[in-house]
Amino acid sequence: MQSDSLIKIAVDYYKDDGVKAGKALFYYGKVAALQDNDTLAIQAYLSALAKLEKTEEYKLQGFVHEYIGVLNTDRKLYKDALDNYQSSAYCFQKAVDTLGVIYVYRDIARIYYVEQQYDSVYNYINRALSLCEEKKGCIDFERVTPSLLQVKGIAKRNEGDLENAIILLKTAVETEQDRHSMHHCSMSLGNIYLNQNKLDEAKRYFTLALKSERPRTLAGAYHYLYLLEKRQKKYAMALYFKEKSDSLLSVDLDAKQASQILTLPQEVTKRV
């Protein structure tokens, strides 16, 4: 699982077939990225684009551009990432893949969120939500909507519009079908209530996140509960939650990462 030898065989085998070579290189880039070899990953993605540029595989090209954007985002190369995401959106539009466009608009909004350009955040999130509304009743579009509301809600929170932030995040928590995303959203909502000193509401949403099966999510939930108990001067319980959080953060996730090498992320799998 941790070897790239099999995908290298596929890359070599399909080297003279534009589409299949492009797809093999795309997966090769994904394997390299999961092995934290970003340089090799980008080289593979760029080679994939070179193979695909004279084909009409616009959807696959959209994915490749998006993945390059993800790598540049991780490296905090936000201007490059925006260019990548714009190219991705263009390809998905040519492929008439509305769902792909929506996900990329969310990627772009997240970049603008990091840069605190909130007008641009709302612009792209609202455009994505509008596209979702056009496909109302379609489960794939309903699935992405809560994450769009979460991005918008967190931006509203940062601007101090707590009333609308709470409405957006509550809706996201109540409608999110992906449990992992729902738990993250519930922590964002709990954090607002904590800052408002509405401790019962804060505890409710932090406790909801404790239902997660992911160590890092649990660590975050325990950390927030530590802050909550500390604010109430319940130091023994606060210390307990702090120790739980620290313990979970030390869990080795290498095996889990390795198990993901040969599979696309859940969202991408549903979009392919």
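Residues numbered from 1 in each chain as written. Predicted model: local features only at pLDDT ≥ 70, side-chain atom pairs only at ≥ 80, totals over all residues. Heavy atoms only, no water.

A closer look at the overall build of the chain
- For the chain, the count of helices and strands is 15 helices and zero strands.
- Buried positions account for 45% of the 272 residues belonging to the chain. (Helix = DSSP H or I, 4+ residues; strand = E, 2+ residues; numbered from the N terminus. Buried < 20%, exposed > 50% of the residue type's maximum accessible area, 1.4 Å probe, protein only.)

Quick word on the packing of helix H12 (residues 215-231) against helix H13 (residues 235-249)
- At their nearest, the axes of H12 and H13 sit 8 Å apart, and the two run at 160 degrees to each other. With respect to H13, the axis of H12 lies roughly antiparallel. Between H12 and H13 lies a crossing of left-handed hand. For the pair H12 and H13, the contacting residues are Pro-215, Arg-216, Leu-218, Ala-219, Tyr-222, His-223, Leu-225, Tyr-226, Glu-229 and Lys-230 in the first and Tyr-235, Met-237, Ala-238, Phe-241, Lys-242, Lys-244, Ser-245, Leu-248 and Leu-249 in the second.
- Its residues assigned to classes, the contact of H12 with H13 comprises twelve nonpolar, two polar and five charged. (Axes fitted to C-alpha atoms, helices over the stretch in contact; angles between N-to-C directions. Parallel < 35°, antiparallel > 145°, perpendicular 65-115°, else oblique. Left-handed = near helix turned anticlockwise from the far one by under 90°. Contact = heavy atoms within 4.5 Å. Nonpolar A, V, L, I, M, F, W, Y, C, P; charged D, E, K, R; others polar.)

Structural notes on the environment of Lys-54
- Within the fold, Lys-54 resides in the loop between helix H3 (38-52) and helix H4 (58-74).
- You can call Lys-54 exposed: its relative accessible area is 79%.
- Sequence spacing of Lys-54 and Gly-18 is 36 residues, and the spatial spacing of their C-alpha atoms is 8.3 Å.

A short note on the pattern of salt bridges
- Summed over the entire model, instances satisfying the criterion amount to six salt bridges.
- With its nearest N and O atoms 3.8 Å apart, the salt bridge here joins Asp-83 to Lys-79. One end of the pair is Asp-83 and the other is Lys-79, both in helix H5 (residues 78-94) and four residues apart, which spans about a single turn.
- One salt bridge connects Lys-242 with Asp-246, and the closest N-O pair in it is separated by 2.9 Å. In this pair, Lys-242 and Asp-246 both sit in helix H13, four residues apart, roughly one turn of the helix.
- Since its relative accessible area comes to 26%, Lys-242 is described here as partly exposed. (Salt bridge = Lys/Arg side-chain N within 4 Å of Asp/Glu carboxyl O.)

Focus on unusual backbone geometry
- The backbone of Val-96 sits at a positive phi, close to 55 degrees, despite the residue not being glycine.
- Checked against the element boundaries, Val-96 lands in the loop between H5 and helix H6 (98-114).
- For Gln-116, which is not a glycine, the phi torsion comes out positive at approximately 60 degrees.
- With respect to the element layout, Gln-116 can be found in the loop between H6 and helix H7 (118-134).
- Judged by relative accessible area, Gln-116 falls into the exposed class, the value being 58%.

Comments concerning the state of the cysteines
- Following the criterion strictly, the structure yields zero disulfides and no others.
- Sulfur of Cys-132: no disulfide; nearest cysteine sulfur belongs to Cys-138 and is 9.4 Å away. (Disulfide = S-S within 2.5 Å.)

Examining helix H10 (residues 179-195)
- For H10, spanning 17 residues, the distance from its first C-alpha to its last is 24 Å, which sits close to the expected 24 Å at 1.5 Å a residue.
- Taken across its 17 residues, H10 has twelve buried, putting it largely inside the fold.
- For H10, the full list of buried residues reads Met-182, His-183, Cys-185, Ser-186, Met-187, Ser-188, Leu-189, Gly-190, Asn-191, Ile-192, Tyr-193 and Leu-194.
- Looking at the buried positions of H10, the neighbouring elements they touch are helix H8 (139-158), helix H9 (162-175), helix H11 (199-209) and H12.
- Following H10 by one or two positions, Asn-197 adopts a phi angle in the positive range, close to 65 degrees. (Expected span 1.5 Å × (residues − 1).)

Focus on the nonpolar core
- Membership of the largest hydrophobic core comes to 79 residues, with the highest contact counts inside it found for Tyr-45, Val-64, Ile-102, Tyr-105, Ile-108 and Val-121.
- Ranked by residues supplied to this core, first place goes to H6 with ten residues.
- Beyond its immediate stretch of four places on either side in the chain, Val-121 contacts Ala-109, Tyr-112, Tyr-113, Val-151 and Ala-155. (Core = buried A, V, L, I, M, F, W, Y, C linked by side-chain atoms within 4.5 Å.)

Observations concerning the side chain of Asn-72
- Looking at where Asn-72 falls in the secondary structure, it is placed in helix H4.
- A relative accessible area of 6% places Asn-72 in the buried class.
- A distance of 2.8 Å separates a polar atom in the side chain of Asn-72 from a polar atom in the side chain of Arg-75. (Polar contact = N/O pair within 3.5 Å; in protein donor to acceptor, adjacent residues only side chain to side chain.)

Observations regarding the confidence of the model for the chain
- Per-residue confidence for the chain gives a mean pLDDT of 89; residues scoring 70 or more make up 90%.
- Per-residue pLDDT stays below 50 along residues 254-266; that stretch engages in 24 contacts with residues further than four places along the chain or on separate chains. (pLDDT = per-residue confidence, 0-100.)

Digging into the environment of Met-182
- Structurally, the position occupied by Met-182 is in helix H10.
- Along the sequence, Met-182 and Leu-169 sit 13 residues apart, while their C-alpha atoms lie 9.7 Å from each other.
- Residues within four places of Met-182 in sequence aside, it is in contact with Val-173, Glu-176 and Leu-208.

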